Amino acid sequence: MPSLGRLHLITDTRPGRNPLAVLRAALPVARAELVVQVRVTDDATDREAYDLARRTVALCARYGATCLVNDRLHVALAVGAAGGHVGADDLPVGAARRVLGSTAVLGATAREPDGAVEAVAAGASYLGVGPCHATSTKSGLPAPIGPAGVRAVVEAVDVPVIAIGGVTAATVPALRAAGAYGVAVIGAVSGAADPARATAELLGALGC
Ligand SMILES: Cc1ncc(COP(=O)(O)OP(=O)(O)O)c(N)n1
Ligand SMILES: Cc1ncsc1CCOP(=O)(O)O
Ligand SMILES: [Mg+2]
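As the structure is a prediction and not an experimental result, all values here were calculated from the model.

**Concerning the overall build of the protein**
Phase 1 of the analysis: A count of helices and strands for the protein gives nine helices and eight strands.
Phase 2 of the analysis: Computed over its C-alpha atoms, the radius of gyration of the protein comes to 15 Å, within 12% of the 17 Å expected for a compact globule of 208 residues.
Phase 3 of the analysis: Along the longest, intermediate and shortest principal axes, the C-alpha atoms of the protein span 40 × 35 × 35 Å.
Phase 4 of the analysis: Within the span of the protein, comprising 208 residues, buried residues form 48% of the whole.
Phase 5 of the analysis: Excluding contacts between residues fewer than 6 apart, the proportion of contacts in the protein whose partners are at least 24 apart in sequence is 59%.

**Observations concerning the UniProt feature "domain: Thiamine phosphate synthase/TenI" (unreviewed entry) in the protein**
Phase 1 of the analysis: Under the present numbering, the feature "domain: Thiamine phosphate synthase/TenI" (unreviewed entry) in UniProt falls on residues 7–189.
Phase 2 of the analysis: Along residues 7–189, the helical share is 39% and the strand share 20%, with 11 Å between the first and last C-alpha atoms.

**A word on the coordination of the magnesium ion (ligand 3)**
Phase 1 of the analysis: Those donors, Asp71 (OD) and Asp90 (OD), are the protein atoms that reach the magnesium ion (ligand 3), and they lie 2.1 Å from it. Residue Asp71 is located in the loop between strand 3 (66–70) and helix 3 (73–79), and its partner Asp90 is located in the loop between strand 4 (83–86) and helix 4 (93–100); the two are separated by 19 residues in the primary sequence.
Phase 2 of the analysis: Here Asp90 falls in the partly exposed class, since its relative accessible area comes to 24%.

**Structural notes on the site of ligand 2**
Phase 1 of the analysis: Taken together, Arg39, Thr135, Thr137, Lys138, Leu141, Ile164, Gly165, Gly166, Val185, Ile186 and Gly187 make up the full set of residues near ligand 2.
Phase 2 of the analysis: Separating an oxygen atom of ligand 2 from a side-chain N or O atom of Thr137 is a distance of 2.5 Å.
Phase 3 of the analysis: Burial of ligand 2 by the protein amounts to 90% of the accessible area it has alone, namely 370 Å².
Phase 4 of the analysis: A class-by-class count of the residues in the shell around ligand 2 yields four nonpolar, five polar and two charged.

**Re the sheet that holds strand 7 (residues 161–164)**
Phase 1 of the analysis: Here eight strands make up a closed barrel; going around it, the order is 1-2-3-4-5-6-7-8 and the pairing parallel. Direction aside, neighbouring strands of the sheet carry axes that sit 25° apart on average.
Phase 2 of the analysis: Note: strand 1 (residues 7–10) against strand 8 (residues 182–185), three bridges, orientation parallel. Note that in strand 8 the partner of Leu9 across the bridge is Val185.

**Remarks on the packing of aromatic side chains**
Phase 1 of the analysis: By the definition in use, this model includes zero aromatic pairs.
Phase 2 of the analysis: If you follow Arg6 out to its NZ or CZ, it ends over the ring of Tyr181, 4.1 Å from the centre.

**Let's talk about a negative patch on the surface**
Phase 1 of the analysis: Among the surface-exposed residues, Asp42, Asp43, Glu48 and Asp89 lie close enough to one another that they form a single negatively charged patch.
Phase 2 of the analysis: Position of Asp43 relative to the elements: it lies in the loop between strand 2 (34–38) and helix 2 (46–63).

**Some words on unusual backbone geometry**
Phase 1 of the analysis: The omega angle of the peptide bond from Gly130 to Pro131 is 5°, so this bond is cis rather than trans.
Phase 2 of the analysis: Within the element layout of this structure, Pro131 appears in the loop between strand 6 (126–129) and helix 6 (146–154).
Phase 3 of the analysis: Notably, Asp71 is not glycine yet its phi reads approximately 70°, a positive angle.

**Here we look at the pattern of salt bridges**
Phase 1 of the analysis: Tallied over the full model, the rule gives five salt bridges.
Phase 2 of the analysis: Residues Asp51 and Arg54 are paired through a salt bridge, measuring 3.7 Å at the closest nitrogen-oxygen approach. Placement of both Asp51 and Arg54 in helix 2 is noted, with a separation of three residues, approximately one turn of the helix.
Phase 3 of the analysis: Residue classification places Asp51 among the partly exposed positions, given a relative accessible area of 32%.

**Things to note about the confidence of the model for the protein**
Phase 1 of the analysis: Per-residue confidence for the protein averages 97 on the pLDDT scale, and 99% of its residues sit at or above 70.
Phase 2 of the analysis: Interface confidence in the predicted complex, given as ipTM, is 0.99; pTM for the same model is 0.98.

Cut-offs applied
Residues numbered from 1 in each chain as written. Chains lettered and ligands numbered in written order. Predicted model: local features only at pLDDT ≥ 70, side-chain atom pairs only at ≥ 80, totals over all residues. Heavy atoms only, no water. Helix = DSSP H or I, 4+ residues; strand = E, 2+ residues; numbered from the N terminus. Rg over C-alpha atoms; globule rule 2.2 N^0.38 Å. Buried < 20%, exposed > 50% of the residue type's maximum accessible area, 1.4 Å probe, protein only. Contact = heavy atoms within 4.5 Å. UniProt positions renumbered as here; feature names shortened; annotations may be inferred. Donors = N, O, S within 2.8 Å, 3.2 Å for Na, K, Ca; no water. Near = heavy atom within 4 Å. Polar contact = N/O pair within 3.5 Å; in protein donor to acceptor, adjacent residues only side chain to side chain. Areas by Shrake-Rupley, 256 points an atom, 1.4 Å probe, with all protein chains shown as cover. Nonpolar A, V, L, I, M, F, W, Y, C, P; charged D, E, K, R; others polar. Pairing = 2+ DSSP bridges. Axes fitted to C-alpha atoms, helices over the stretch in contact; angles between N-to-C directions. Phe/Tyr/Trp six-rings, centres within 6.5 Å; stacked < 30°, edge-to-face > 60°. Lys NZ or Arg CZ within 6 Å of the ring centre and 35° of its normal. Patch = residues over 30% accessible without salt bridge, like charges linked within 9 Å, V, L, I, M, F, W, Y side chains within 5 Å. Salt bridge = Lys/Arg side-chain N within 4 Å of Asp/Glu carboxyl O. Lys, Arg positive; Asp, Glu negative; His and termini not counted. Charge placed at Lys NZ, Arg CZ, Asp CG, Glu CD. pLDDT = per-residue confidence, 0-100.

Structure below.
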């Protein structure tokens, strides 16, 4: 399996956002260091998810970036994405691994060490850990775990830990110091006035 990029950019498909424009800005800056996770709103149709994922796979291929699909693993397979990401409301990790096959990238959401160890045993190749900080991008989340919560998971597993939730360039150093391999963001890039510059700042903070 090729090495995982350290900056995960999750698409923002809420009304008024333009995920493909954001990707066109971020990809030339981050190239192979970028993992794009196609995440659509729950009310999006599979056809809408497929169309965005298909275009994202093509864009990523131009820059050597990796494309993953959130939740909808049949869409990941249909567009030839490198893999997918699942959480508590999605297919269990073991089932997701069977769907995607042994060589795919499979991310799983974890919040504490026990869940993290279980996810890795079931076949996760990286963990998305959070929310690290407060965020308004996703509702219904539990309290933030902070860098200390990230460290607890890092110490329990031997796969890359990707910190998520309210991550900005300013909060990256503490997350890296806690052992995070990389970070996943939505707002820090999609909500930025200049997404290319925001991408460069995140990469700089990650030491890439
Ligand atoms: C890298 C990364 N980490 C965590 C998540 C959250 O996944 P999940 O808990 O399934 O929530 P949704 O994103 O599906 O709403 C993620 N997507 N990516
Ligand atoms: C999908 C998800 N899962 C945990 S936090 C989060 C949202 C992250 O978005 P942002 O980077 O804008 O806080
Ligand atoms: Mg999910």
